[in-house]
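# Structural overview for review
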Amino acid sequence: MSDPLVLELREQFATPEQQRHTSSIGIWLFLMTEVMMFGGLFVAYTVYRFNHPQAFAQGSAEMDIVLGSINSAILLTSSLTMGLAEFSAKFGRVRLSGILLFTTILIGLAFLGIKFTEYYEHYQQHEAPGVWFNHVGPHAPEVQMFFVFYFLMTGLHAVHMSIGILLLLGLIARNMVGSFSAAYHTPITVVGLYWHFVDIVWIFLYVIFYLPGLHK
Amino acid sequence: MIQAVAPKIEKNYLNEKVGLLSWLLTTDHKRIAILYTFSITVFFFIGGFFALMMRLELLSPRNWLVSAETYNKLFTMHGIIMVWFFLIPSIPGTLGNFLIPMMVGAKDVAFPKLNLLSWYIFMLGGGVTVYALFRGGVDTGWTFYTPFSTTYSTTYVVAAAVGIFIAGFSTILTALNFIATIHSMRAPGLTWFKLPIFVWSMYANSVVLILNTPVLAITLVMLAVERIFTVGIFDPALGGDPVLFQHMFWFYSHPAVYTMVLPAMAVISEIVPAFSRKPLFGYKAVAFSSIAIAVVGFLVWGHHMFVAGESVYSALAFSFLSYCVAVPSAIKVFNWTATIHGGSVSWDTPMLYAIGFIGLFTIGGMTGLFLAALGLDVHVHDTYFVIAHFHYIMVGGSVMAFLGGVHYWWPKISGKMYPEGLARLSALIVFIGFNLTFFPQFVLGYLGMPRRYAAYPEEFQMLHVLSTAGATILGVGYVLPLCYLIWAWHYGRDATPNPWRATGLEWKSSSPPPTHNFEVTPIVTAKLPYDYEAMKEELELV
């Protein structure tokens, strides 16, 4: 049987170590671009919340804090299973790793399910921005702006979650054909870093959208 | 004959595989560089066509050729195509792709498939944008200022924004690839301070692109969301702030200006030592000045908003920082001229372009200081002075350097020599045409001619006619290299591996290089980069 390390070595690299190091650089650079992309939205949110503090508190009071908190707990649990998947791959327990990856997908789907339940509630209460929006009371345009950022930022986050789930499916497929071992499991590490990043973004989103309305 | 003619290698990257599919599915960085060269050349001439139409319209003080609405679309399309589909990808996509792996002694970039994907994403973005432009175009100016772009314009704003958004991913992935390559693919013995300055500058350039492009992407997303769903993000009637758009746009776009000129500086830093037969003066200062430009370049965006209601204190800070960013640029200019000083200079075509670059970039940079001055900016803001200033950087700087680089590395890329006499002549034509086009615009702007108008008072006509005359000469200067380089690709005389007797790993390979760049992985033993002294001794021994 041929060495799996040699099988997975791309022709442009001299050693497996060089390949692993390069992948690591690549994913960290990619996460930098993600920070800047979400960063732009966080900047705009901050400017407008500073300009319209009351309207943003009003909008935030409409959030479902229970569902949001449950979702935060769910997503953090998915980071745990993701981390354990990488950990078990490191010790050559690739079957266990596959099960944990699959668990991560299920938890991720649960998060998205709850998220879309929330979206649907906002839609029914005429809080989805645009032609669906109908808010009575002062600061209506500014409250709408709060919901624009809510849908835009959590929506972009949900897109990232969905991409993450597709990547996890790809990992499971590669795991089933026996690509990974204690010596080679770089793709699990790389996707894991992406998944944890998306989790961290959610923690910030939870804080800026769900908490400002609590002490109104 | 100084350089022994290398035995002709049968297989190289150009002839190892044949057929259209071998090009469209290639992961070879050198072939991808050629794909980029082809694409950006097409975009350059599309953008150039719009420029030519504008210059023709401006021959007369009255609208005689196109309507004012069409004129608005012309300058918008010219800007969009030239900035995002020529200038930003030009040197990185072509020379950067070709040379970075060779200069670091690698077989390919770190992620070759991603590299090919970048080109496809670029073409998809270009396709969507061109679709938007030819369906009816956009009239917002390349800057997409709100609320005009979100609320009032009736043109294809969203389609153009989507095209630019897609192309942004290509830029990001290419930059990511370069940084990973430079970090982890260097040949044994090639430490950071032995790298050519080309690699240093492209590194700094890639860092900027990774940090600023995502901000443009998300800003365009917000613009599109506001326009499609008619909700308030930047619209003041709905609680938004249009100046926030300007801040976010220029947080991207001012560093983007440096991503147009850093690759140009990368090219010049290679050409100048090779044709002066001297090591680059102040290697470390030049290397770190690239990093300094990248860092300080992120802190100056506010100088675009001196008249947009910015507070006087932030205006002061941005003005001061804009002066600071001139320092590393000046360091480069002084070091290039110090390299030329006392060297045995030969006036081949690449050197002519390099000299042209140094002069024109200096004028462009110095007039940038005029614009960073709070008082003077109020007078010349949004006039032809600004247009002349940034064209001295982008055309006089970046395009001249691009042409210089293409000539310099042409023997390596194609394995053929270009016709030297004709090339020198067209370098001269470009220089004359450029100055005749844009110098009158400094005067026009100072006299008060605002930008983006199709008609103007009669007293400005003389200067406009001069500028249009220059533009036609410049056009000839651009078409000539296109013709003779295509001719040389087929009929030029064969190039030796190192026709310029230059240092650098790319010249150690054959012309054109084999698919994996080097027959054996090079091991770098030289103590210094640009060691032309050692090379002189070597040649004397021969």
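## Section: the overall build of chain B
In terms of helices and strands, chain B carries 16 helices and zero strands. Taken against the 2.2 N^0.38 rule, which gives 24 Å for 542 residues, the C-alpha radius of gyration of chain B at 23 Å falls within 12% of a compact globule. Projected onto its principal axes, the C-alpha coordinates of chain B cover approximately 75 × 45 × 45 Å. By the burial criterion, 55% of the 542 residues in chain B qualify as buried.

## Description of the overall build of chain A
Within chain A one finds seven helices and zero strands. Ordering the α and β elements of chain A from the N terminus gives α-α-α-α-α-α-α. Overall size of chain A, expressed as C-alpha extent along the three principal axes, is 70 × 30 × 30 Å. Taking all 216 residues of chain A together, 37% fall into the buried category. Pairs at least 24 apart in sequence give 76% of the contacts found in chain A among residues at least 6 apart.

## Structural notes on the nonpolar core
Note that soluble globular proteins tend to have their nonpolar side chains buried in a common cluster. Residue and element names in this part refer to chain B. Among the nonpolar cores identified, the biggest contains 208 residues, and Val-199 and Ile-268 are the most heavily contacted of them. Of the residues forming this core, the biggest block, 21 residues, is contributed by helix H8 (residues 242-276). If we skip the residues at most four places from it in the chain, Ile-268 touches Trp-336, Ala-354, Phe-357 and Ala-401.

## Re the interface of chain B and chain A
Put simply, an interface is often sized by how much accessible area is lost when its parts join up. Between chain B and chain A, the residue contacts involve 31 residues of the former and 26 residues of the latter. When contributions to the side of chain B that touches chain A are tallied by element, the ones reaching two or more residues are helix H6 (157-184), helix H7 (197-229) and H8 of chain B. It is H7 of chain B that provides the largest number of residues to the side of chain B that touches chain A, a total of ten residues. Within the side of chain B that touches chain A, the residues separate by chemical class into 22 nonpolar, six polar and three charged.

## Quick word on H8 of chain B
Residues and elements named next belong to chain B. Compared with an ideal rise of 1.5 Å per residue, which puts 35 residues at 51 Å, H8 spans 51 Å between its outermost C-alpha atoms and is within 8% of the ideal. The largest bend along H8 reaches roughly 30° and is located at Trp-250. Extensive coverage of H8 is indicated by the burial of 31 of its 35 residues. The positive-phi residue at the C-terminal boundary of H8 is Arg-277, with phi of around 55°.

## Things to note about the confidence of the model for chain A
Confidence along chain A averages 93 in pLDDT terms, with 96% of residues attaining 70 or more. Taken element by element, chain A is modelled with least confidence in helix H1 (residues 4-7) of chain A, mean pLDDT 58, and with most confidence in helix H7 (residues 186-210) of chain A, mean pLDDT 97.

## A closer look at the environment of Leu-101 of chain A
All names here are of chain A. Note that Leu-101 resides in helix H5 (residues 94-124). Using a count of 25 C-beta atoms within 10 Å as the deciding quantity, one classes Leu-101 as buried. Through-space distance from the C-alpha of Leu-101 to that of Thr-33 is 25 Å; in sequence the pair is 68 residues apart.

## Concerning the environment of Lys-536 of chain B
Residues and elements named next belong to chain B. Positionally, Lys-536 belongs in helix H16 (residues 532-541). Using a count of 14 C-beta atoms within 10 Å as the deciding quantity, one classes Lys-536 as partly exposed. The spacing of Lys-536 and Met-77 is 459 residues in sequence and 50 Å in space, taken between C-alpha atoms.

## Focus: unusual backbone geometry
At the junction of Thr-146 of chain B and Pro-147 of chain B, the peptide bond is cis and its omega measures out at 0° in the coordinates. Looking at the element boundaries, Pro-147 of chain B is found in the loop between helix H4 (112-135) and helix H5 (148-152). That bond from Ser-511 of chain B to Pro-512 of chain B is cis: its omega, -10°, falls within 30 degrees of zero. Counting through the fold element by element, Pro-512 of chain B comes out in the loop between helix H15 (461-491) and H16. Its identity is not glycine, yet His-126 of chain A carries a phi of approximately 55°, on the positive side. Turning to its location among the elements, His-126 of chain A is positioned in the loop between H5 and helix H6 (140-176). In this structure His-126 of chain A comes out as exposed when scored by C-beta crowding, with 11 C-beta atoms within 10 Å. Its identity as a non-glycine residue notwithstanding, Tyr-530 of chain B has a phi of 55°, on the positive side. Mapped onto the elements, Tyr-530 of chain B comes out in the loop between H15 and H16.

## Let's talk about the environment of Ala-526 of chain B
Residues and elements named next belong to chain B. With respect to the helices and strands, the residue Ala-526 is situated in the loop between H15 and H16. In this structure the C-alpha to C-alpha distance between Ala-526 and Glu-270, which are 256 residues apart in sequence, comes to 17 Å. Apart from residues lying up to four places away in sequence, Ala-526 is in contact with Lys-194 and Asp-531.

## Here's the deal with the packing of H7 of chain B against H8 of chain B
Residue and element names in this part refer to chain B. Put simply, H7 and H8 touch, their axes get as near as 8 Å, and they point 160° apart. The orientation of H7 with respect to H8, classified from their angle, is roughly antiparallel. The interaxial crossing formed by H7 with H8 has left-handed handedness. When grouped by side-chain class, the residues that make up the contact of H7 with H8 number 21 nonpolar, six polar and one charged.

## A few points about the confidence of the model for chain B
Per-residue confidence for chain B gives a mean pLDDT of 94, with 98% of residues at or over 70. Reported confidences for the modelled complex are a pTM of 0.95 and an ipTM of 0.93.

## Things to note about H5 of chain A
All names here are of chain A. Taking 1.5 Å of rise per residue, 31 residues should cover 45 Å, and H5 covers 45 Å from first to last C-alpha, within 8% of that figure. Buried residues along H5 sit in contact with helix H4 (65-90), H6 and H7. Just downstream of H5, His-126 is the residue with a positive phi angle, here 55°.

## Description of the packing of H6 of chain B against H7 of chain B
All names here are of chain B. The geometry of H6 relative to H7 is characterised by a closest axis approach of 8 Å and an angle of 155° between their N-to-C directions. Considering the angle they form, H6 stands roughly antiparallel to H7. As H6 runs across H7, the sense of the crossing is left-handed. Each residue belonging to the contact of H6 with H7 can be placed in one class, and the counts come to 24 nonpolar, four polar and one charged.

Reading the values: rules and limits
Residues numbered from 1 in each chain as written. Chains lettered and ligands numbered in written order. Predicted model: local features only at pLDDT ≥ 70, side-chain atom pairs only at ≥ 80, totals over all residues. Helix = DSSP H or I, 4+ residues; strand = E, 2+ residues; numbered from the N terminus. Rg over C-alpha atoms; globule rule 2.2 N^0.38 Å. Buried ≥ 20, exposed ≤ 12 C-beta atoms within 10 Å, placed from the backbone. Contact = placed C-beta atoms within 7 Å. Core = buried A, V, L, I, M, F, W, Y, C linked by C-beta atoms within 7 Å. Nonpolar A, V, L, I, M, F, W, Y, C, P; charged D, E, K, R; others polar. Expected span 1.5 Å × (residues − 1). Bend = angle between axes of the 7 residues up to and from the residue. pLDDT = per-residue confidence, 0-100. Axes fitted to C-alpha atoms, helices over the stretch in contact; angles between N-to-C directions. Parallel < 35°, antiparallel > 145°, perpendicular 65-115°, else oblique. Left-handed = near helix turned anticlockwise from the far one by under 90°.

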